[in-house]
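A look at the structure
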Amino acid sequence: MTWSTADIPDLTGKLALVTGATSGLGYETALELLRHGADVLVAARNPEKAAQAAETLTRKAGRAPTVLELDLADLASVEKAANEVSTSYDRLDLLINNAGVMAPPYRETVDGFELQLGTNHLGHFALTGRLMPLLVNGSRVVTISSFMHKSVRGISEADLRRPASSYRKWESYGKSKLANLLFMLELDRRVRAAGVDLLSVGAHPGYASTHLQAAGPELAGNPLQAQLWAVATRLVAQSAAAGAWPSLYAATYPDLRPGSFVGPRFFEYRGTPKVVLPNRTAQDAELAKELWDWSVEATGIDPALTVPR
């Protein structure tokens, strides 16, 4: 079976929230959702970049998104953004947990967590939990992971607050992407056990040309390495638009099974989307439960307690 964005159904009347939508995969995802009729909340940390992205999206899609200020590395910002959405809307049809950081030098979030796990996982865990009351009547939560989840063997509670002395940037990135999958699958198990009409699925882009690869070297103050990453990515990777196909498939394909994980067709590297398998660690139900408990303690939010009834 082949799939293209032409197969996305009419989304008129649907409300979607896409994190990290100012560039790359999030931008391309928001663009196609707008083109197919959805109302889109563009959630981003930088208000200036968000405004610029919204202007471009409006021009290309012919419809304007709504900008939502959100810093996933700050749990207070997550709470504020979720409150704004809850005040303005009575439901949310699509939540696409897309934003992330990749392989930066050691940093901590506002709340003292290692930046990659704090942003990529805990920020989205808290956001999903706070928005859960709006996710009703067939809503979907799409959590974006990476094939880099296969590069690590596990995750522990200590990883959430790992000190600089033992920090390895690529290991931490892999753990954050493993955490995304463990969360997606545990959310699926919990909502199905509760009989809630909510679809939790995941996706990964393969190797896509975005700014993400160069962002880490830029944070480290290494412009030459950032430039080399950018050139190599342009030469080897598929486009950001193609990288967004798995996200869009996961968000809109009508018959997708609960807990599905979608990636590119060609060795999970590039091409049209298909359902793929997470590695064995990501399917460890006991580890997923433990991560859920650690995340509840870290964020003060338990999505299971805010599941709509």
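These remarks concern the structure in this document. Since the model is a prediction, treat every value here as computed from it, not as a measurement. (Residues numbered from 1 in each chain as written. Predicted model: local features only at pLDDT ≥ 70, side-chain atom pairs only at ≥ 80, totals over all residues. Heavy atoms only, no water.)

In terms of helices and strands, the protein carries 10 helices and eight strands. Here the protein, with 309 residues, has 55% of them falling under the buried criterion. Within the protein, contacts between residues at least 6 apart in sequence are counted, and of these 77% link residues at least 24 apart. By element, 51% of the accessible surface of the protein is carried by carbon and sulfur atoms, the whole surface being about 13300 Å². (Helix = DSSP H or I, 4+ residues; strand = E, 2+ residues; numbered from the N terminus. Buried < 20%, exposed > 50% of the residue type's maximum accessible area, 1.4 Å probe, protein only. Contact = heavy atoms within 4.5 Å. Areas by Shrake-Rupley, 256 points an atom, 1.4 Å probe, with all protein chains shown as cover.)

Another point: the packing of helix α1 (residues 24-35) against helix α2 (residues 47-61). In the contact formed by α1 and α2, the axes pass within 10 Å of each other and the chain directions differ by 40°. Classified by the angle their axes make, α1 and α2 are oblique. Between α1 and α2 the crossing geometry is right-handed. Contacts between α1 and α2 pair Y27, A30, L31, L34 and R35 from the former with A53, T56, L57, K60 and A61 from the latter. (Axes fitted to C-alpha atoms, helices over the stretch in contact; angles between N-to-C directions. Parallel < 35°, antiparallel > 145°, perpendicular 65-115°, else oblique. Left-handed = near helix turned anticlockwise from the far one by under 90°.)

The way to describe two aromatic rings as a pair is by their centre distance and the angle between their planes. By the definition in use, this model includes seven aromatic pairs. Residues Y106 and Y167 carry aromatic rings whose centres are separated by 5.3 Å and whose planes lie at 75° to one another, so their mutual orientation is edge-to-face. Taken as a pair, Y106 in the loop between β4 (94-97) and α4 (115-131) and Y167 in the loop between β5 (139-144) and α5 (169-193) lie far apart in primary sequence, 61 residues in all. A residue is classified by how much of its surface remains accessible, and Y167, at 15% relative accessible area, is buried. Between the aromatic rings of W170 and Y173, the centroid separation amounts to 6.2 Å while the plane-to-plane angle is 90°, which identifies the pairing as edge-to-face. With W170 and Y173 both in helix α5, this residue pair falls three residues apart, about one helical turn. Aromatic rings pair up to connect W3, Y249 and Y253 into one cluster. (Phe/Tyr/Trp six-rings, centres within 6.5 Å; stacked < 30°, edge-to-face > 60°.)

Attention now goes to the environment of E108. Within the fold, E108 resides in the loop between β4 and α4. Residue E108 is classed as partly exposed on the basis of its relative accessible area, which comes to 45%. Taking the C-alpha atoms as reference, E108 lies 9.3 Å from A164; in sequence the two are 56 residues apart. Leave out the neighbours within four places in its chain, and E108 touches F113 and L115.

All right, on to the packing of α4 against helix α10 (residues 285-299) then. Taken N-terminus to C-terminus, the directions of α4 and α10 make an angle of 75°; their axes are 10 Å apart at the nearest point. As the angle between them shows, α4 and α10 are arranged roughly perpendicular. The segment α4 lies against α10, with H121, L122, F125 and A126 engaging L291, W292, S295, V296, A298 and T299.

Time to look at empty space enclosed by the protein. Counted according to the given criterion, the structure contains one cavity of 30 Å³ or more. Counting residues per element, the lining of the largest cavity draws most heavily on α5, at three residues. In terms of residue class, the lining of the largest cavity is built from two nonpolar, one polar and six charged. (1 Å grid on protein atoms, 1.4 Å probe; cavity = no way out; pocket = protein on both sides within 12 Å on 5 of 7 lines; lining within 4 Å. Points joined across faces, edges and corners; volume = space filled by probe spheres on them. Nonpolar A, V, L, I, M, F, W, Y, C, P; charged D, E, K, R; others polar.)

Turning our attention to helix α9 (residues 245-252). Extensive coverage of α9 is indicated by the burial of seven of its eight residues. Within α9, burial applies to P246, S247, L248, Y249, A250, A251 and T252.

Right, let's talk about the pattern of salt bridges for a bit. Counting across every chain of the model gives nine salt bridges. The shortest N-O distance in the salt bridge between R35 and E32 comes to 3.0 Å. Pair noted here: R35 and E32 are both in helix α1, with a separation of three residues, about one helical turn. Classification of R35 by relative accessible area gives partly exposed; the value is 43%. Between D188 and R192 there is a salt bridge, with its nearest N and O atoms 3.0 Å apart. Taken as a pair, D188 and R192 lie in helix α5 at a separation of four residues, close to a single helical turn. Overall, the relative accessible area of 48% leaves R192 in the partly exposed class. Sharing partners across several salt bridges, the network here consists of D159, R162 and K175. (Salt bridge = Lys/Arg side-chain N within 4 Å of Asp/Glu carboxyl O.)

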